[in-house]
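# Close look at the chain arrangement
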Amino acid sequence: MPCKHQLKEENNNRINFNIMNKTIIININGTVFHIEEQAYELLKEYMTDVKRHFFNSADSLEITTDIENRIAEMFTEILAREARQAIIDQDVTAVIEQMGSVKDFENAEEEGSAAGFAEPNFTMGAGATTRRLFRDPEDHLIGGVCAGIANYFDIKAVWVRLFFAVCFLFAGTGAMVYIILWIIVPKALTRADKMAMKGEPLDLQGFKRNFEAEMSTVGGRLNELRQDARPLAFQTRDFISDFFHHLTTFFGGAGKILIKVLGIAIILACIGGSIAIVVLLCATWFFGGDNFSVPDTFFNYAYINQVRVAFALLAIIPLTTLVILISSAVFNTTGLNRSAGYTLLIIWISSLGILLYHGSRVASEFRDSAGFTQTMNLKPTPNQVYYLELNETRFLTHEDSTRLNIKTRFNNMVLTDDDDNDDLEPNSMRIEIERSDVPYPVLVEEFTSRGSNYEEALSNARNTRYVFAQQDSVLKFDYKLRRLDNKMWHGEEVKLTLRIPLNATVMVNDKINRYINNSMNLWDCSPNPENRNNRTFSPFVMTTEGLQCKLDSAVTAVQEPPVQSSNTPDTVIVVQGKRNTKLTPDTIYLDSTEAPAPVRKPVVIRKYRKK
Amino acid sequence: MLVENTQTQMRKGILEYCILCVIAKGEIYASDIIAELKKAQLLVVEGTLYPLLTRLKNNGLLSYNWVESTSGPPRKYYVLSPEGRQVLEQLDKTWQELYFAVQTSIEGRK
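I will try to describe carefully the structure that is included in this document. (Residues numbered from 1 in each chain as written. Chains lettered and ligands numbered in written order. Predicted model: local features only at pLDDT ≥ 70, side-chain atom pairs only at ≥ 80, totals over all residues. Heavy atoms only, no water.)

## Considerations on the interface of chain B and chain A
The criterion, for reference: Residues are treated as being in contact if the distance between any of their heavy atoms lies within 4.5 Å. Joining two parts hides part of their accessible area as seen by a 1.4 Å probe, and the buried area is that hidden amount summed over both. Salt bridges are counted wherever a side-chain nitrogen of Lys or Arg sits within 4 Å of a carboxyl oxygen of Asp or Glu.
Taken residue by residue, the interface counts 28 residues in chain B and 29 residues in chain A. Taking both partners together, chain B and chain A bury about 2,400 Å²; carbon and sulfur atoms supply 57% of that area. For chain B, the biggest contributors to the area lost against chain A are K12, Y50 and P73 of chain B; these three give 22% of the whole. At the boundary of chain B with chain A, the tally comes to six salt bridges.

Written out as structure tokens, the structure reads:
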């Protein structure tokens, strides 16, 4: 099939000196003719008519091409027969006569429809004057939805656009509705669609009017006509291609600045994020994570540096790529080339793999669990009253205490752990208070841990130390379980069971109560509710039904634990839990915050005793 | 008006049959088809033929070959497809029936 079927006007006009008429060179499907201007106008008019007549038919391209070919052939024959160079208007008239005018075609088609050969052209005749909703491809800002609606209601498009713009202000409803309409409302592809959209009658007069209107507004849009003659090609254009087409025009137009601003904002955010990640990772690297409220236990993994690098790459590569892509879009520079892109992708996937590997490795170390129990008898007090206290002392290793020069810098001071860390640290200590069968209190310590197998888990559990101290009636519970080596945390826990005899009294304050499983309402059991704080003790007595609040004068009389007056902690410290003392810290700083604020007790430095 | 309508319907009814008959004689160019039809006083203008040919071709009754021409662009030479040949046979039969029907109807009218 010949490729070009339109009349192509070439620029160079020539003068025919014989009759002094201007001639034009035209190209009909590859054959070049010299044609006089008047004849050309006639031919153009005829071909426009013919194309207009057939444009709505599925075979319009083929039919018009056949007709054009035949016309070219007839011209060639005429020129050969009459030995002329240029086509004159008589030739065109003769050709048209032979080919038949559009009126002849119409007659033939009327016969056709009468005989049941109805072409699909004019089947919509009944709905000719009712408007149909189409997207208007000729008057559009984005997708032609607003113009289509305006055509449907026969109002000006600007009002519809204004309405959508206002709707957009209400949480983007306008944009939502617009996109939905864009998808579901068909685009006016053929002239029949466009006419139905504008409510013009679908007869030939209507076509003619519509066509003339188009020709007058957009002079010489033969190009458009050619496009109209290929409805199939247009029908294949789906919403997506349409969307991107309009998106690019939007990019190139009014939205350009907006998009650029948005792009630059995203770039800056990505750069900021990358910097933050690098800083965070470097910081945890150099300071071991201790100073950043992240439980350092998680950073004691043997391959932590690999994990850090992998994590950094995992986070930074997409951000960098995003920065490069957006900057190339915004600043019209060349983006990432293919090989660099693949390299980055491979590095990214490798980092993901490394993270997954270490993740599964760590997870495997939590596969099994083990534990052991240790029981110790406590010294009973004459009045069977026991004060439960939380020991928040910070324990330092020997290296740390010498490095930080603890003895001179923090002389007469107590180092305590900050409460803020509690949320991030594993809650490794719980206390349960039960009734004792023997006339003295008993403390049962149950150590558990996880590991890749039972032995590992048990070894992990043994590699811990829990400090419990009894000072007469004061039972000091360390606030957490401590590891003895620098190993990774494996869910080590200690569960303490304090068994106290019947009728014995435990004094509990808010601080320790957070670690006690027995639900005790300290507020309702406070000796002086107006003046209570989290160090105020509430008395509970052990009954056959368990712990019960016991507010009487006998107990309220002993509000302050006796240790406060003794002030000699170094004589009575009992240190328990001395398993695996290989890496035992040799310095213990004991908390003495129970003392009145101005009077600071000297720091107690005590050699850790081995059993 | 009624007369014209019936006339055009009758003409139209046999037009495709005639076109198929003409093409059945052998490979033929569109303007030669026109010449034949003009001779038979069925069609007067060429332009109406092209939509018909295209439709018959799309229905699989015809096919065409491109043949280079000395005068102008390459020409489409139409031939009947096997399917077209079958359809033509059926139409032949129908035409015989119609002819018989018409002859029987007008017999002894004079």
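## What to know about the sheet that holds strand β2 (residues 62-67) of chain B
By definition, the strands of a sheet pair up through backbone hydrogen bonds, in either a parallel or an antiparallel sense. Residues and elements named next belong to chain B. The line we're drawing: The pairing criterion for strands is at least two bridges between them, as found by DSSP. Helix and strand definitions follow DSSP, with helices as H or I runs of at least four residues and strands as E runs of at least two, each counted in order from the N terminus.
Strand order across the open sheet formed by three strands is β1-β3-β2, with antiparallel pairing between neighbours. The open sheet terminates on both sides in strands that have one partner only, identified here as β1 (28-29) and β2. Examined bridge by bridge, β2 and strand β3 (residues 75-80) share six bridges and lie antiparallel to one another. Across the sheet, V67 pairs through a bridge with R75, a residue of β3.

## Some words on a nonpolar patch on the surface
All names here are of chain A. Note the cut-off: Patch construction takes residues with relative accessible area above 30% that form no salt bridge. Like charges are linked within 9 Å, and nonpolar side chains (Val, Leu, Ile, Met, Phe, Trp, Tyr) are linked within 5 Å. To be clear on the numbers: accessible area is Shrake-Rupley with a 1.4 Å probe, and residue cover counts the displayed protein chains and nothing else. The buried label goes to any residue with under 20% of its type's maximum accessible area, the exposed label to any with over 50%, and the partly exposed label to all in between, with areas taken from a 1.4 Å probe on protein chains only.
Residues L133, Y152, F153, I155, V158, W159, L162, V166, F168, L169 and F170 make up a contiguous nonpolar surface patch of about 1,200 Å² in total accessible area. Elements with a contribution of two residues or more to the nonpolar patch: α5 (145-153) and α6 (157-169). Sort the elements by how many residues they give to the nonpolar patch and α6 lands first, with six residues. Looking at the element boundaries, I155 is found in the loop between α5 and α6. Among the residues examined, I155 registers a relative accessible area of 45% and is labelled partly exposed.

## Re the pairing of strand β18 (residues 546-549) of chain A
Working note: regular strand, side chains alternate between the two faces of the sheet. Residues and elements named next belong to chain A. Where strand β17 (residues 538-543) meets β18, four bridges bridge the pair, whose relative direction is antiparallel. Following the sheet pairing, V541 is matched in β18 by Q548. Between β17 and β18, which pair antiparallel and follow one another directly, the connecting turn spans two residues.

## Brief notes about the packing of aromatic side chains
Applied cut-off: Only Phe, Tyr and Trp rings are paired, with Trp represented by its six-membered ring, and only when their centres lie within 6.5 Å; those with planes under 30 degrees apart are stacked, over 60 edge-to-face, the remainder tilted. By definition, being over a ring means that NZ of Lys or CZ of Arg is both within 6 Å of the ring centre and within 35 degrees of the ring normal.
If you walk through the whole model with that rule in mind, you get twelve aromatic pairs over all chains. Summarising the aromatic geometry, the rings of F468 of chain A and F477 of chain A are spaced 5.0 Å apart at their centres and angled 50° between planes, so their arrangement reads as tilted. Taken together, the aromatic side chains of F163, F164, Y178 and W182 of chain A make up a single cluster linked through ring pairs. Against the face of F372 of chain A rests R462 of chain A, its NZ or CZ located 5.0 Å from the ring centre. Sitting over the face of the ring of Y29 of chain B, R75 of chain B holds its NZ or CZ atom 4.0 Å from the ring centroid.

## A few points about the environment of E434 of chain A
Residue and element names in this part refer to chain A. Stated precisely, the cut-off is as follows: Two N or O atoms count as a polar contact when they lie within 3.5 Å, although within protein this holds only if one can serve as hydrogen donor and the other as acceptor, and sequence-adjacent residues are included solely when both atoms are side-chain atoms.
Its location among the elements puts E434 in strand β9 (residues 429-435). Of the residues examined, E434 reaches a relative accessible area of 32% and is grouped as partly exposed. Each C-alpha atom, one on E434 and one on L547, is 8.1 Å from the other, the two residues being 113 residues apart in sequence. Not counting residues within four places of it along the chain, the set of residues in contact with E434 comprises T497, L498, R499, I500 and M542. Here R499 takes part through its side chain, which lies 3.2 Å from a polar atom of the side chain of E434.

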